[in-house]
Amino acid sequence: MSTTTSRGVSRPAPAEAAPARPRRGLRGRATFNFWLFTGPFLIGLLVFVYVPIGWSLWLSFFEARFTVTPDKFVGFDNYRQMLENSDFTGSLVTFTVFAAFIVPLTWAISLGLALLVNRLRFMRAFFRSVFFLPTACSYVAASLIWKMSIFSGVRFGLMNTVLGWFGVENIAWLADPDPPWYWLVIVSARLWLQAGFYMILFLAALQNIPPELYEAAAIDGARPGWQTFRHITLPQLRATSTAVVLLLLVAAYQAFDEFYNLLSKTTWGRPPLVELYYTALGQAQDYGAGSAGAVVLTLLICLVTLLQGRFMGFGRGEEAE
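This one's a predicted model, so the numbers in the text were calculated from it and none came from an experiment.

### Notes on the overall build of the protein chain
Item 1. Scanning the protein chain for helices and strands turns up 13 helices and two strands.
Item 2. By the burial criterion, 33% of the 321 residues in the protein chain qualify as buried.
Item 3. Accessible surface computed for the protein chain: about 20700 Å², of which carbon and sulfur atoms make up 65%.

So this is what it looks like as C-alpha cells:
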C-alpha cells in the first residue's frame, strides 16, 4: 500500500504497529512467583497427603505387623479380615446411621441460625461472632468440658444438677450403653462445635440472594414467611446446601477426637477411625489390616457422597434442572 502526496510523489504507507508482546522477563517472573507461593503447599500436600495415601494402599495388600516395610504379599486377606471383624463393620453401620441423623440436624440448625442472624437490624456482627466462636475451640477441650463439667455422671455435673431439681436420679451419661445416653453427649458437643461454621456459609449465601427476587414475589402475591422461604430462599441455597451436606458427611465418618476423649477405652460406640486406631496402633500393630480398613472406609465415604450428590443434583447444569 502507498499514499500519494500533493506533489504526485507516491510514498509507502506506514506499517501498522504490531501488537505488543509481553516481555519474557515479566512472564518468567510471574511463573517464578507462582511456584514460590504454591510450591511449599504442593510439596506439603504431596509429602503429607498423597504419599501416605499411596503407602497405605500398598500396605493393605501385605502382611505388615510391627513394620511399615513388609515383603509378604497377602492379596485381599487384610480386606477379608476387616470385613469379617464385627467391631469394624458394626462401627460402619452405626456411623452410617449417625451420619443420617447428625447431617440433617446440623444442616437445619445452621440454616436456622443463619436466617435469624440475617434478619437482625443491629448487632449482627456480634451474634455472628458469638455463634462462630465455638468453631475455634479444640475438639479435645470441648470433649473434656462436656465429660467433666456438663455431663459428668456424678451429682456435681451440670445436667444431673438440673435434673435433680425435678427429682430425677443421677444419670451415668457415658458409663452405660443401655440406654445409650452417650449419643446425646456426643451429638450436643458436635453441634456446638460445628454449627457456627456452616452458619457462616449459609449467611454468605443468603446475603448473595438478589433482593429483586423477593420484591417480584411480593408483587406476585407471595406471602412472607414459609411460602417465600420455600419457593425463593431454599432454591437459591441449593448449591450451598449441597456443599454443606457433603462436608458434613465426610466429617461424620471422620469423627475421632470427641469419641476417643468422651468414651475413652470402651468397646461400644467406637467410630471407624477409633477401630482403625486400635487395629493399627494397638497391641497387635497390624498396619496391613488397618490400611485395608482405611481403604474400605474411604470407599464407603465416596459412595455415600456420590449418592447424596446425585440425589441433590450436585454438578448438574442450570439447563438440566
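### Things to note about unusual backbone geometry
Item 1. Of note in the backbone geometry, Phe 66 takes a positive phi value of approximately 65° without being a glycine.
Item 2. With respect to the helices and strands, the residue Phe 66 is situated in the loop between α1 (24-59) and α2 (77-83).
Item 3. The backbone of Met 123 shows a phi angle near 60°, a positive value even though the residue is not glycine.
Item 4. On the secondary structure map, Met 123 appears in the loop between α3 (86-118) and α4 (124-132).

### Observations regarding the packing of α3 against α4
Item 1. Viewed as axis vectors pointing N to C, α3 and α4 meet at an angle of 160°, and their least axial separation amounts to 9 Å. Taken together, the axes of α3 and α4 are roughly antiparallel relative to one another. In this structure, the crossing between α3 and α4 has a hand that is right-handed. Residues Leu 113, Val 117 and Asn 118 of α3 form the contact with α4, whose own contacting residues are Arg 124, Phe 127, Arg 128 and Phe 131.
Item 2. Per-class residue counts for the contact of α3 with α4 are four nonpolar, one polar and two charged.

### Remarks on the packing of α3 against helix α12 (residues 272-281)
Item 1. Where α3 meets α12, the closest approach of the two axes is 8 Å, and the angle between their N-to-C directions is 160°. By the criterion of interaxial angle, the relationship of α3 to α12 is roughly antiparallel. Crossing of α3 over α12 shows left-handed handedness. Taking contact as the criterion, the partners of Asp 87, Phe 88, Ser 91, Leu 92 and Phe 95 in α3 are, on α12, Pro 272, Glu 275 and Leu 276.

### Observations regarding the environment of Asp 77
Item 1. If you trace the backbone, Asp 77 turns up in helix α2.
Item 2. With a relative accessible area of 37%, Asp 77 lands in the partly exposed category.
Item 3. Along the backbone, Asp 77 and Ala 289 are 212 residues apart, and their C-alpha atoms lie at a distance of 8.5 Å.

### Considering the packing of aromatic side chains
Item 1. Counted according to the given criterion, the structure contains 27 aromatic pairs.
Item 2. Plain terms: the ring middles of Trp 107 and Phe 202 are 6.2 Å apart, the flat faces sit at 80° to each other, and that makes the pair edge-to-face. Taken together, the positions of Trp 107 in helix α3 and Phe 202 in helix α7 (residues 182-207) put the pair 95 residues apart, joining distant regions of the chain.
Item 3. Overall, Phe 202 belongs to the buried group, its relative accessible area being 0%.
Item 4. Seen from their ring centres, Tyr 260 and Tyr 278 are 6.5 Å apart, and the 40° between their planes marks the pair as tilted. Separated by 18 residues along the polypeptide, Tyr 260 in helix α11 (residues 257-263) and Tyr 278 in helix α12 bring together distant segments of the chain.
Item 5. Through successive ring pairs, a cluster of aromatic residues spans Trp 55, Trp 58, Phe 61, Phe 62, Phe 73, Phe 76 and Tyr 79.

Reading the values: the criteria
Residues numbered from 1 in each chain as written. Predicted model: local features only at pLDDT ≥ 70, side-chain atom pairs only at ≥ 80, totals over all residues. Heavy atoms only, no water. Helix = DSSP H or I, 4+ residues; strand = E, 2+ residues; numbered from the N terminus. Buried < 20%, exposed > 50% of the residue type's maximum accessible area, 1.4 Å probe, protein only. Areas by Shrake-Rupley, 256 points an atom, 1.4 Å probe, with all protein chains shown as cover. Axes fitted to C-alpha atoms, helices over the stretch in contact; angles between N-to-C directions. Parallel < 35°, antiparallel > 145°, perpendicular 65-115°, else oblique. Left-handed = near helix turned anticlockwise from the far one by under 90°. Contact = heavy atoms within 4.5 Å. Nonpolar A, V, L, I, M, F, W, Y, C, P; charged D, E, K, R; others polar. Phe/Tyr/Trp six-rings, centres within 6.5 Å; stacked < 30°, edge-to-face > 60°.

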